[in-house]
Structures are given as structure tokens and as C-alpha cells.
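Structural characterization, general
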Amino acid sequence: PVPVPAPAPEPEPKPAVSPAPVPVQVPPSPFSFVADLGYLYQTDPAHHLFARIGLEYKINESFSLLGMVGAAPKVDGYESKSATMIDAMINYYWSKAFIGFGLGGWLTGGDSDLDTEDNGLDIIFDAGYQLYEKPDSFKVSAFIELRSSVDEMSDFDMYGRVGGGI
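Cut-offs applied
- Residues numbered from 1 in each chain as written.
- Predicted model: local features only at pLDDT ≥ 70, side-chain atom pairs only at ≥ 80, totals over all residues.
- Heavy atoms only, no water.
- Phe/Tyr/Trp six-rings, centres within 6.5 Å; stacked < 30°, edge-to-face > 60°.
- Helix = DSSP H or I, 4+ residues; strand = E, 2+ residues; numbered from the N terminus.
- Pairing = 2+ DSSP bridges.

Counted under the stated rule, the structure contains 6 aromatic pairs. With centroids separated by 5.1 Å and ring planes inclined at 50 degrees, the aromatic side chains of Phe63 and Tyr92 adopt a geometry described as tilted. Here the residue Phe63 occupies a position in strand 3 (residues 63–72), and Tyr92 occupies one in strand 5 (residues 83–94), the gap between them amounting to 29 residues. When the ring of Tyr93 is compared with that of Phe98, the centres are 5.7 Å apart and the planes differ by 45 degrees; the resulting orientation is tilted.

Our focus in this paragraph is the pairing of strand 8 (residues 138–149). A regular strand places its side chains on the two faces of the sheet in alternate fashion. Relative to strand 8, strand 7 (residues 120–134) runs antiparallel, the two being bridged by 12 bridges. What sits directly across from Glu133, in strand 8, is Lys139. Between strand 7 and strand 8, which pair antiparallel in sequence order, lie 3 residues; one of them, Asp136, sits at a positive phi of approximately 60 degrees. Both strand 8 and strand 9 (residues 161–165) contribute to a ladder of 5 bridges, which runs antiparallel. The residue of strand 9 that forms the bridge with Ile144 is Gly164.

Encoded structure:
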């Protein structure tokens with residue numbers, strides 16, 4: 001008999017090449033941290049510095065909501081008192097400029113019988129301009145702010161607060 005050659009071994013299959021991982025695209029958060037510093041002048045007269053921190057929620061490219069808390073110590077003047085501020089605003093942006101309005105709490109803990117010392121629900125108006133931006137990091141804007149208690153709008157010339165900040 002003629003010997004039959006042994007079958008040739010089959011080559012081992014090559015490992016399957018796994019596809020390259022697809023980078024995960026995480027959309028940017030609509031929330032960002034905000035902080036501001038500024039000065040408010042009350043015409044009765046009183047001078048306040050203020051500092052606030054909070055969050056901004058970007059609704060779209062044109063609108064955002066801001067929620068902020070802070071303090072406004074009175075630094076000079078014979079009326080008014082230092083205050084805690086709790087503010088909620090909506091801002092409209094076009095290019096680098098913005099305008100906004102909202103409501104805010106001006107909480108002094110002072111004498112509720114005195115318009116210059118009572119707690120109040122303020123109507124707030126602001127307008128500003130973005131001075132600098134480091135993309136995906138931070139922005140610097142300058143703004144003006146007008147605020148007055150709802151029950152003192154007719155006496156804005158006496159109790160309204162006007163100022164600005166960064």
C-alpha cells in the first residue's frame with residue numbers, strides 16, 4: 001500500500017481587527033458658574049459694594065437664565081442698610097452685548113417701617129458688554145444695573161439703586 005500523506009494543518013485564523021474606538025462627544029453643559037463684583041448707589045444717599053455668585057443656564061445662543069446670591073454691604077451713607085441679595089434674571093445676548101431683567105430679593109433685616117431699611121422684592125434691569133473671552137473657560141463682562149423695590153418704583157429717585165460691575 002501506498003502511504004497517504006497526512007492532511008496539511010489548517011492555518012490558525014487571524015484575530016479579528018477591532019474597530020478603532022469612536023471618541024465620545026460630550027455636549028457642553030448648559031450650566032456655567034458666574035460671579036460678579038460691583039457698586040450700587042442709592043440716592044437717599046447710600047453706597048453699597050456687592051458680590052454675587054451663582055449659575056447661568058444657557059437656553060440657546062440668545063437667552064440665558066441666571067440665579068445668583070450675594071451680599072451688598074453698605075460702605076457709606078446715612079440711610080439704607082447692608083443687604084443680602086437673591087436674584088433671578090433672564091438675559092438676551094446679541095453679539096457681545098446683552099440686556100436683561102428679573103426679580104431680586106434685597107434683604108436687610110432692618111426696620112420694616114422705613115423704606116430705606118425694609119426688605120424688598122426688586123425689579124432689576126441690566127445691560128452690558130463682553131470685554132474678554134477665553135473659549136470653553138471664562139468670560140469677562142462689564143454691566144450697569146438698575147434695581148428698585150416693587151413698592152418703591154414711584155420713588156425710584158429716592159430709593160432706587162444704580163450701579164455697575166464686572
